[in-house]
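# An overview of the molecular structure
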Amino acid sequence: RQRFLHARNTLHALLEHSVIPIVNENDTVAVEELKLKMGDNDGLAVSVAQLVEADCLILLTDVPGLYDKSPTEEDAALISHVEELTQDIFECAGGSTSGLGLGGMSTKLNAALAASMAAIPLVVAKGTDEGVLGKILSGEEVGTFFSPRKKRTSLRNQWIAFGRKPEGKLIIDDGAVKALVSGKKSLLPIGIKNLSGEFSEADTVMIVNPEGKEIARGLSNFSSEEVRKILGRRSDELSGILGYDCCENVVHRDNLVIINETVGT
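Residues numbered from 1 in each chain as written. Predicted model: local features only at pLDDT ≥ 70, side-chain atom pairs only at ≥ 80, totals over all residues. Heavy atoms only, no water.

### Observations concerning the packing of helix 5 (residues 105–117) against helix 7 (residues 155–162)
The criterion, for reference: Every axis in this analysis is a line fitted to C-alpha atoms, fitted for helices over the stretch in contact. Angles between the N-to-C directions lie between 0 and 180 degrees. Labels follow the DSSP assignment, with helices taken as runs of H or I lasting at least four residues and strands as runs of E lasting at least two, numbered in each case from the N terminus. Note on terminology: angles under 35 degrees are roughly parallel, angles over 145 are roughly antiparallel, angles of 65 to 115 are roughly perpendicular, and the others are oblique. Put simply, a crossing is left-handed when the front helix is turned counterclockwise from the back one by less than a right angle, and right-handed when it is turned clockwise. It only takes one pair of heavy atoms within 4.5 Å for two residues to be counted as in contact.
The geometry of helix 5 relative to helix 7 is characterised by a closest axis approach of 10 Å and an angle of 165° between their N-to-C directions. Of the possible angle classes, the one that applies to helix 5 and helix 7 is roughly antiparallel. As for the relative orientation of helix 5 and helix 7, their crossing is right-handed in sense. Counted together, L113, A114 and M117 of helix 5 and Q158, A161 and F162 of helix 7 form the full contact between these two elements.

See the structure below:
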């Protein structure tokens, strides 16, 4: 969180002095000092957009935008406008990859999801098209435009959701999915079916439904070792199992952000 705020203040200071920052994923300063280990340039781009609360995020790639199926198929059609990132939209990406790098369309949809939570519109377009930036900034219909959410998620929740790499994954049952998404509840151990990864208290964890679709991210109140001991158990059993007084929930609602409200509801 402190690194997040330091990076934000640095970028704002540069912009106030009419300096255009260039943030490179492979830059040793970005990796070692700011710890922006996103794994792909799309993730890094949306992190920077969130940091500066950008008016728009533009991702340039080697394809014209998002297609309804693989662009290698003859009848594939370009989707010019995505109003909401539903499961059907994510299935359109289908694991497609870019010929120019490791990031495929799926990483761009993840970036669009993060940008949407920050109320930042996002455009995916072909970078080799002449004058592409000017066309986008003048309002022409270029590539695929992703509409943002009307309400901006708080900066703290943006940090919880996308500010650092999740260290583990919690697989929850359908009842817990409903409690989190519809009931706005905390995640209790009784709703956890399994977990993967090794994490410590206060680390970020992914929360997924029984089919493996991501529902939320949050800060864990327990280590992975502790969660393995208490998963599926009632909250009033935890102190007896662990041998010390502890909180009743694995992820408290205040430290939990719903990533995809359309999954499991």
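### A closer look at the sheet that holds strand 1 (residues 57–61)
Whether parallel or antiparallel, the strands of a sheet pair through hydrogen bonds between backbone atoms. We apply this condition: Here, strands pair whenever DSSP counts at least two bridges between them.
With respect to topology, four strands assemble into an open sheet ordered 1-3-4-2, the strand pairing being mixed. At either end of the open sheet lies a strand with only one pairing partner, and these are strand 1 and strand 2 (81–82). The sheet contact formed by strand 2 and strand 4 (residues 144–146) spans two bridges and is parallel. In the sheet register, H81 faces strand 4, and the bridge partner there is F145. Docked against the sheet, helix 5 engages strand 1, strand 3 (122–126) and strand 4, running at close to 155° with respect to strand 3.

### Some words on the confidence of the model for the protein chain
For residues with low pLDDT, the predicted coordinates do not support detailed interpretation. To keep it simple, the criterion reads: Per residue, pLDDT captures the predictor's confidence, and it can take any value from 0 to 100.
Looking at the protein chain as a whole, its pLDDT mean stands at 85, while 88% of the residues score no less than 70. Low pLDDT, under 50, characterises residues 33–39; the stretch is placed with 15 contacts to residues that sit more than four places away or in other chains.

### Description of the side chain of S116
Put simply, the test is: Distance and chemistry together define a polar contact, namely a pair of N or O atoms within 3.5 Å, with one atom able to donate a hydrogen and the other to accept it when in protein, and with adjacent residues in sequence counting only for side-chain atoms on both sides.
Relative to the helices and strands, S116 is located in helix 5. Among the polar contacts listed, one links the side chain of S116 to the backbone nitrogen of R149, at a separation of 3.2 Å. Aside from chain neighbours lying at most four places away, what touches S116 is S147, P148 and R149.

### Quick look at the pattern of salt bridges
Close approach of charged atoms allows side chains with opposite charge to pair. Condition: Every case where a carboxyl oxygen of Asp or Glu lies within 4 Å of a side-chain nitrogen of Lys or Arg is listed as a salt bridge. Accessible area is worked out with a 1.4 Å probe on protein chains only. A residue is then buried under 20% of its type maximum, exposed over 50%, and partly exposed in between.
This model, assessed by the stated rule, comprises eight salt bridges. Taking the shortest distance from any N to any O, the salt bridge between R152 and E53 comes out at 4.0 Å. Here R152 is found in the loop between strand 4 and helix 7, whereas its partner E53 is found in the loop between helix 3 (41–52) and strand 1, with 99 residues between them in sequence. Exposure remark for R152: the relative accessible area of 37% places this residue in the partly exposed category. Measuring nitrogen to oxygen at the nearest pair gives 3.4 Å for the salt bridge that ties E237 to R233. Salt bridges here are not isolated pairs; linked through shared partners, they connect R8, E53 and R152.

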